[in-house]
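Notes for the structure review
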Amino acid sequence: MSTDTDNELQQKVIDEMHWDPSFDEEHIVVGVKDHIVTLNGYVAKFAEKKNAELAAGRVGGVRAVVDNLDVQLPGSWERSDLEIAEAALHAIATHGSLPKKGIKVTVTDGWITLDGEVEWRFQHDWAENSVRPLFGVKGITNKIVVKPKLQITDVQAKIKEALVRNAQIEADNVSVTVSGTRAVLGGHVKSWPEKNQAEDAAWAAPGVTAVVNNIVVVS
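These numbers come from a predicted model, not from an experiment. (Residues numbered from 1 in each chain as written. Predicted model: local features only at pLDDT ≥ 70, side-chain atom pairs only at ≥ 80, totals over all residues. Heavy atoms only, no water.)

What about unusual backbone geometry?
- Positive phi, close to 55°, is recorded for Asp34, a residue that is not glycine.
- Mapped onto the fold, Asp34 is located in the loop between β1 (28–33) and β2 (36–43).
- Even without being a glycine, His35 presents a positive backbone phi close to 65°.
- Looking at the secondary structure, you find His35 in the loop between β1 and β2.
- With relative accessibility at 9%, the residue His35 sits in the buried group. (Helix = DSSP H or I, 4+ residues; strand = E, 2+ residues; numbered from the N terminus. Buried < 20%, exposed > 50% of the residue type's maximum accessible area, 1.4 Å probe, protein only.)

Okay, structure coming up:
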């Protein structure tokens with residue numbers, strides 16, 4: 001259990017964000033209430049928005065992170081929607097683990113929308129990650145649907161086994177319920193990253209098309 005006050009936790013998050021070189025924290029304001037971190041302000045690249053969220057979440061005692069950061073691009077980084085769309089299509093086409101066809105890219109005012117179907121959740125995530133660092137991107141809406149071709153039995157047991165294998169997760173404190181291709185996670189963990197890792201383990205199970213993460217972070 002974390003004994004930090006909200007003010008103490010706020011300072012730890014600020015220190016961690018200052019330590020992380022993957023984004024510029026100069027225009028980020030950190031707020032903490034009931035061990036829930038809220039990030040306000042802006043960053044210069046969309047990739048920095050995610051990196052700031054991850055930095056805040058890995059601080060011990062953080063129960064959740066609310067990311068309200070905007071992306072304000074410097075003038076030299078502005079690109080037309082056509083240029084962003086072409087770069088996004090190229091990034092997806094050259095990614096070896098993504099389908100060469102079936103993923104549609106739409107760009108409006110710098111905001112990318114991804115549509116289509118993939119077989120695995122990691123492909124859904126990698127499609128988004130491949131376009132996240134592109135210059136000019138202000139945001140991403142990922143509408144890609146996971147439709148596995150492979151269906152297997154004992155999904156619940158396999159997810160539980162994956163949780164047990166992960167040294168960062170206290171599997172005994174996490175419950176798994178599967179209905180069809182939908183997995184529901186419950187129980188409690190000690191950190192926000194641990195909660196996310198449990199969800200990733202559930203998504204990795206073949207045949208899973210939806211994961212509901214009801215795990216509570218007990219700080």
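Details of the side chain of Ser130
- Within the secondary structure, Ser130 sits in helix α4 (residues 121–131).
- Beyond its immediate chain neighbours, meaning those up to four positions away, Ser130 contacts Ala91, Ile92, His95 and Leu98. (Contact = heavy atoms within 4.5 Å.)

Brief notes about the layout of surface pockets
- When its volume is computed, the largest pocket comes out at roughly 830 Å³.
- Along its surface, the largest pocket is lined by 26 residues, and Lys50, Arg121, Asp125, Arg132 and Asp200 are the ones closest to its centre.
- Breaking the lining of the largest pocket down by element, the ones donating at least two residues are α2 (46–57), α4 and α6 (192–203).
- Tallied by class, residues from the lining of the largest pocket come to ten nonpolar, five polar and eleven charged. (1 Å grid on protein atoms, 1.4 Å probe; cavity = no way out; pocket = protein on both sides within 12 Å on 5 of 7 lines; lining within 4 Å. Points joined across faces, edges and corners; volume = space filled by probe spheres on them. Nonpolar A, V, L, I, M, F, W, Y, C, P; charged D, E, K, R; others polar.)

Remarks on the nonpolar core
- In this structure, Met17, Ile28, Val37, Leu39, Ile112 and Leu114 are the most contacted members of the largest nonpolar core, which totals 40 residues.
- For this core, the secondary-structure elements that each account for two or more residues are α1 (6–19), β1, β2, α2, α3 (81–93), β5 (103–108), β6 (111–118) and α4.
- Here the element with the most residues in this core is α3; it accounts for five residues.
- For Val37, the contacting residues outside a window of four places in its chain are Val13, Val30, Gly31, Val32, Ala56, Val62, Ala64, Val65 and Val66.
- Counting 20 residues, the second-largest nonpolar core is a separate cluster that includes Val155, Leu185, Val189 and Trp203. (Core = buried A, V, L, I, M, F, W, Y, C linked by side-chain atoms within 4.5 Å.)

Considering empty space enclosed by the protein
- For the coordinates displayed, the defined rule picks out one cavity of 30 Å³ or more.
- Taken as a whole, the largest cavity holds about 40 Å³ of empty space.
- What lines the largest cavity is simply Ala44, Lys45, Phe46, Ala47, Leu73, Trp77, Arg132, Pro133, Leu134, Phe135, Gly136 and Val137.
- Here the residues of the lining of the largest cavity sort into nine nonpolar, one polar and two charged.

None of this, on its own, says anything about what the molecule does.
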